[in-house]
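Coordinate inspection notes
One-letter residues, chain by chain:
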Amino acid sequence: MSGNSTSTSSRISTYLMMIVLIVLSLSVVALVSAVYLYPSDFQFAVVLMAMGLIAMGMSVYVLFQSRKRVASMKIEAPKVMTTIECKKCSFKSVREFQRGDFVFKDLDPCQKCNDKMIITSIFKEVKEKEKTYGV
Amino acid sequence: MVMFTAMEVLPNLFGSGGDSISSILSMIFYVIFIVFVFYGQRIQMYVMIREVEGSLYKLKYIKEEGRKITIETIKEIGKPQTDPSARVDRYLEYFTISPQSMDPAGIVYKLDHILDVRDSRFKDEVKLMAPASDEVQINNLENTLEAAMALNYIYKVVRHFYIQGKKTLSLYIIMQLQMILPLVMKEAEAYASALKAFADGQPIGDGAGPLVAAKLMHGYETRKVPKDCVVARVPMEGRTALIIKAEGPGGNVGKPGEAVRAVIDENKGKIASVIMIDAGLKLEGETVGEVAEGIGAAIGGPGVDQFKIEEAVVKYKIPLNAVIVKEDIGDAVSPMRKEIADSADKVIERVKNVILERTKEGEKLIIVGVGNTIGIGQ
């Protein structure tokens, strides 16, 4: 049940696809007609070419947007890191989070001084910088 | 051959002279103008419906992913004998009826009772779903299920208004939905992120308060206080700090209201100050992890704990101070950002300043780290 509904929610609408394809084919027809008419009627050929290019651009944009929407539906898991520290010698290491990690969990002895190491921090790094909007 | 015939016919349809083009263009312009005069609102509504529909598909996807992650986590951790899917689906539909407020006297304790019943019922359900899990894992699974429940509810409410708008073709229903949709989507994405964090037991942004409390109490002896909280007696700047936080590292917010009241009563009200540390919602433009100081009970939720803390401090006339770490709703329920984790040391400095400025040497004070302590021990 879940699988079926996921597939219906993630695909591009057939209706939208049909419209895009019709507009795309009409734009191709307009462009070919513009090339064909170019020697005899320059003005009309330019109008047809402009119409063809606009229609083609719009249909490609709509198609691109629909694909982007499908791609944006994925839930991305952020990379979470765990900082491990030795309280005695201050040896510090950062590794990827593992299930079962928690802040102040005791871990294996330190490689340097053999004292116990603990998890001091668990965090995710956010790469993109927030926009400030200049205010 | 046929193609070339079409190519020849097509230009004739539009006319080949400049005058014909202008008359066709002006005709198209008039048609568009008339269509927009009579059907402009309807076209606008269809555009909005389409936008809402796109978001609804995304919500459906997020909700289903949430359900899938929840079931997989239960199977992985809880090792159930039977498939937990049906029980999870039933859980996702659970509801809580808030008490009648026509006569508001005593409503806080009625709400408190209902929340207690809800909590124990949820815990029992999780134990049945995941029999092999320990107390920490039960708390994490309960939080995971609650996030899945929130996603399910958001999807159903948006779907309700979308269908209602389509049925009635009312611009105003669709418009209201479309206007709040960016905020709804932001919240849904935050819950989706929270769900993964809860499933793995990672600390979340809301855990800023418990993280500070844990840093202060680490290495000192702790004891349990009602309900689901721990307290430690820590010497600080020549004073005695009684530090309270929810018991970790399982997903748990505890009942800080009851814990603060119990500790105040144990000390017969001889407390110089109560300092509350919590994550606070930031306004757009403010920096994540910024620390601010103020007065009052810094605690969210349904209001029961805030009421109890205020009642307890008023009884003994104890000053109530607050320090908050600013973050938005997305940061609060998703894995803790580095800026928030790093702000814990700044909060400790602020708390020390408050202690030095607001209390005298030898006095006792209470420091409460409020929030979900998932992934944070003590």
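Residues numbered from 1 in each chain as written. Chains lettered and ligands numbered in written order. Predicted model: local features only at pLDDT ≥ 70, side-chain atom pairs only at ≥ 80, totals over all residues.

Observations concerning the overall build of chain A
Looking only at helices and strands, one finds 3 helices and 4 strands in chain A. Starting at the N terminus, the α and β elements of chain A follow one another as α-α-α-β-β-β-β. Across chain A, the fraction of contacts at a sequence separation of at least 24, relative to all contacts at a separation of at least 6, is 47%. (Helix = DSSP H or I, 4+ residues; strand = E, 2+ residues; numbered from the N terminus. Contact = placed C-beta atoms within 7 Å.)

With respect to the environment of Lys 224 of chain B
Residue and element names in this part refer to chain B. With respect to the element layout, Lys 224 can be found in strand β1 (residues 222–225). According to the C-beta neighbour criterion, Lys 224 is exposed, with 11 such atoms within 10 Å. For Lys 224 and Glu 247, which are 23 residues apart along the polypeptide, the C-alpha to C-alpha distance reads 8.0 Å. With residues up to four places along the chain from it excluded, the contact list for Lys 224 reads Val 230 and Glu 247. (Buried ≥ 20, exposed ≤ 12 C-beta atoms within 10 Å, placed from the backbone.)

Looking at the interface of chain A and chain B
In this complex, chain A contributes 33 residues to the contact, which on the side of chain B involves 37 residues. For the side of chain A that touches chain B, the elements supplying multiple residues, two or more each, are α1 (2–10), α2 (14–37), α3 (42–71) and β4 (116–124) of chain A. Here the residues of the side of chain A that touches chain B sort into 19 nonpolar, 8 polar and 6 charged. (Nonpolar A, V, L, I, M, F, W, Y, C, P; charged D, E, K, R; others polar.)

As for the sheet that holds β4 of chain A
All names here are of chain A. Here we have 4 strands laid out as an open sheet, ordered β2-β1-β4-β3, and antiparallel in their pairing. Two strands close off the open sheet at either side, each with one partner strand: β2 (92–96) and β3 (106–109). In this sheet, adjacent strand axes meet at a mean angle of 35° when their direction is disregarded. With 2 bridges connecting them, β3 and β4 associate as antiparallel partners. Within the sheet, the bridge partner assigned to Asp 106 lies in β4 and is Ile 118. (Pairing = 2+ DSSP bridges. Axes fitted to C-alpha atoms, helices over the stretch in contact; angles between N-to-C directions.)

Concerning α2 of chain A
The periodicity of an α-helix, 3.6 residues per turn, causes residues three or four places apart in sequence to face the same way. Helix length check: α2 of chain A, at 24 residues, gives a terminal C-alpha distance of 34 Å against a target of 34 Å (1.5 Å per residue), a fit within 8%. Considered for burial, the residues of α2 of chain A that qualify are Ser 27, Ala 30, Ser 33, Ala 34 and Leu 37 of chain A. (Expected span 1.5 Å × (residues − 1).)

Examining the pairing of β4 of chain A
Residues and elements named next belong to chain A. Pairing of strand β1 (residues 80–86) with β4, which is carried by 7 bridges, proceeds in the antiparallel orientation. Across the sheet, residue Val 80 finds its bridge partner in β4, namely Lys 124. Connecting β3 to the next strand, β4, in antiparallel fashion are 6 residues, including Asn 114 with a positive phi near 70°.

Remarks on the environment of Val 263 of chain B
Residue and element names in this part refer to chain B. Within the element layout of this structure, Val 263 appears in helix α8 (residues 256–266). With 21 C-beta atoms packed within 10 Å, Val 263 lands in the buried category. Considered as a pair, Val 263 and Phe 33 are 230 residues apart in the sequence and their alpha carbons are 73 Å apart. Look past the residues within four positions of Val 263 in its chain and what remains in contact with it is Val 225, Val 231, Leu 242, Ile 244 and Ile 366.

Considerations on the domain arrangement of chain B
Residues and elements named next belong to chain B. Domain assignment breaks chain B into domain 1 (47–200) and domain 2 (205–369). Computed over C-alpha atoms only, the centres of domain 1 and domain 2 are separated by 28 Å. Taken residue by residue, the interface counts 19 residues in domain 1 and 12 residues in domain 2. Going through the elements one at a time, α4 (107–129), α5 (135–168) and α6 (171–200) are the ones with two or more residues in the side of domain 1 that touches domain 2. If one sorts the elements of the side of domain 1 that touches domain 2 by residue count, α6 sits on top with 9 residues. The residue makeup of the side of domain 1 that touches domain 2, split by class, is 9 nonpolar, 4 polar and 6 charged. (Domains from an automatic or database assignment.)

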